Amino acid sequence: MTHIHWYPGHIAKAQRQLKEKLSLVDVILEIIDSRIPYSSMYNNTNELCNNKPRLILMNKADLSDSKYNKIWQESISNMTGQKVIATSLNSKNDINNIINNVIEMSKEIMEKRKAKGLLERPVRVMVIGMPNVGKSTIINRLVKRQKAKTGAKAGVTRNQQWVRINNKIELLDTPGIIPTTQNNQAQAMKLAIVSSIGENAYDNEHVADGLVKILLDLYEDEIRKYFDFTKEETVNLETIAYKRNWILKEQKPDIIRTSGVILKLFRDGKMGKFTLERIEDNK
Ligand SMILES: Nc1nc2c(ncn2[C@@H]2O[C@H](COP(=O)(O)OP(=O)(O)OP(=O)(O)O)[C@@H](O)[C@H]2O)c(=O)[nH]1
Ligand SMILES: [Mg+2]
């Protein structure tokens with residue numbers, strides 16, 4: 001399988017349901033993957049979110065290249081007109097920073113409600129993003145502080161719950177999953193690399209090969225050093241297999257094993273902190 005096959009299912013229906021949920025909230029927490037900021041961002045979020053204010057989290061910043069995080073942060077902020085911060089959900093500091101930013105954003109919204117004579121209430125927030133970006137993790141981290149549920153409200157689907165994060169913020173306890181849209185194979189490759197596309201849609205060998213090529217293009221010195229290659233040697237799945245002695249009978253390279261290990265090393269951040277996209281490439 002040298003292609004990545006998407007099975008996006010009922011995208012239109014999923015988007016309609018997502019829009020309904022989004023209409024219930026004041027502020028949207030949009031999560032993208034900082035290793036592939038462009039490919040993990042939905043290309044029409046402004047329309048999807050009906051121009052509601054969003055806090056965009058470039059997440060998994062502990063796995064990406066901090067130098068590019070700054071550059072992407074500024075670019076996405078300019079592109080969307082929204083506040084953008086780099087986060088790692090393993091950091092308590094970052095969780096607090098998210099909470100403080102939501103409170104800050106809610107001030108204006110609450111002022112407007114007050115001016116309209118509407119009742120005072122906590123700001124309502126929901127989390128959206130593509131698969132595997134960290135939606136469930138952030139909900140769990142935010143909710144940990146205060147488990148008490150405020151109960152289903154009138155007009156809200158019964159299986160959704162508002163959870164009180166503090167006296168200023170209420171969070172919808174189920175995230176909105178943005179279905180990955182079928183744009184192009186380059187984007188599919190990157191989404192597969194970060195596990196945002198299910199593993200039955202692709203072959204490890206195809207995706208690991210793509211990852212090695214991207215890394216050679218953007219982080220050649222680091223990759224050569226990590227796998228112990230000189231400047232002259234060819235780096236690919238086969239030569240990495242020989243280097244590491246991942247060999248089958250008759251001295252054949254074990255490409256299946258090599259592919260699996262390379263993807264895991266990358267996903268676990270063991271090879272280094274890498275950002276796989278550059279702003280120039282996406283203009
Ligand atoms: N290193 C790192 N891992 C993270 C971070 N945030 C989430 N993860 C991990 O990423 C994986 C996916 O996180 P989830 O919270 O399940 O992602 P999700 O968006 O709910 O995924 P779906 O439910 O599949 O849509 C988990 O293994 C998390 O532990 C982060 O900031 N840094
Ligand atoms: Mg989840």
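Positions within a chain are numbered from 1, following the residues in the order the chain's sequence is written. Chain A is the first chain written and ligand 1 is the first ligand written, with later ones labelled in order. Given that this is a predicted model, residues contribute local features only at a pLDDT of at least 70 and side-chain atom pairs are listed and counted only at 80 or more, while totals for whole chains, interfaces and linings are drawn from all residues.

Glancing now at the site of ligand 1. Here is the check we use: build the C-beta atom from the backbone, and if it is within 6 Å of the molecule or strand, call the residue near. Residues in close proximity to ligand 1 total 16 residues, the closest being L89, G134, K135, S136 and T137. Ranked by the residues each element gives to the shell around ligand 1, the list is headed by helix α5 (residues 135-144), at three residues. In terms of residue class, the shell around ligand 1 is built from five nonpolar, eight polar and three charged. The numbering of helices and of strands both runs from the N terminus, where a helix is a DSSP run of H or I of at least 4 residues and a strand a run of E of at least 2. Three classes are used: nonpolar for Ala, Val, Leu, Ile, Met, Phe, Trp, Tyr, Cys and Pro, charged for Asp, Glu, Lys and Arg, and polar for all others, with Gly counted as polar.

Our focus in this paragraph is the environment of I193. Along the polypeptide, I193 turns up in helix α6 (residues 185-193). Remark: the alpha-carbon pair of I193 and F266, spanning 73 residues in sequence, is separated by 8.3 Å. Placing a C-beta atom from the backbone of each residue, one calls two residues in contact when those atoms lie within 7 Å. Among residues more than four places away in sequence, those in contact with I193 are V207, L211, F266 and L276.

The contact between helix α7 (residues 204-218) and helix α10 (residues 255-267) brings their axes to 9 Å, and the two run at 55°. As the angle between them shows, α7 and α10 are arranged oblique. Classified by chirality, the crossing of α10 by α7 is left-handed. Only I255, I256, S259, G260, I262, L263 and F266 of α10 make contact with α7, whose side of the interface consists of N204, E205, V207, A208, L211 and V212. In this analysis, axes come from line fits to C-alpha atoms, helices being fitted only over the stretch in contact, and the angle between any two N-to-C directions falls in the range 0 to 180 degrees. These descriptions rest on fixed angle ranges, namely under 35 degrees for roughly parallel, over 145 for roughly antiparallel, 65 to 115 for roughly perpendicular, and the rest for oblique. By definition, turning the near helix anticlockwise from the far helix through less than a right angle yields a left-handed crossing, and turning it clockwise yields a right-handed one.

Nonpolar side chains in soluble globular proteins generally cluster together in the buried interior. As used here, a nonpolar core is made of buried Ala, Val, Leu, Ile, Met, Phe, Trp, Tyr and Cys residues. They are joined through C-beta atoms within 7 Å. Around each residue's C-beta, the other C-beta atoms within 10 Å are counted; 20 or more make the residue buried, 12 or fewer make it exposed, and counts in between make it partly exposed. All C-beta atoms are placed from the backbone. With 38 residues, the main nonpolar core has V27, L29, M58, V102, V125, M126 and L171 as its most contacted residues. Excluding residues that lie within four positions of it along the chain, V102 makes contacts with V27, L55, V123, V125 and I169. Of all hydrophobic cores here, the second largest spans 24 residues; its members include A188, M189, L211 and I223.

Shape descriptors only; they carry no functional weight alone.
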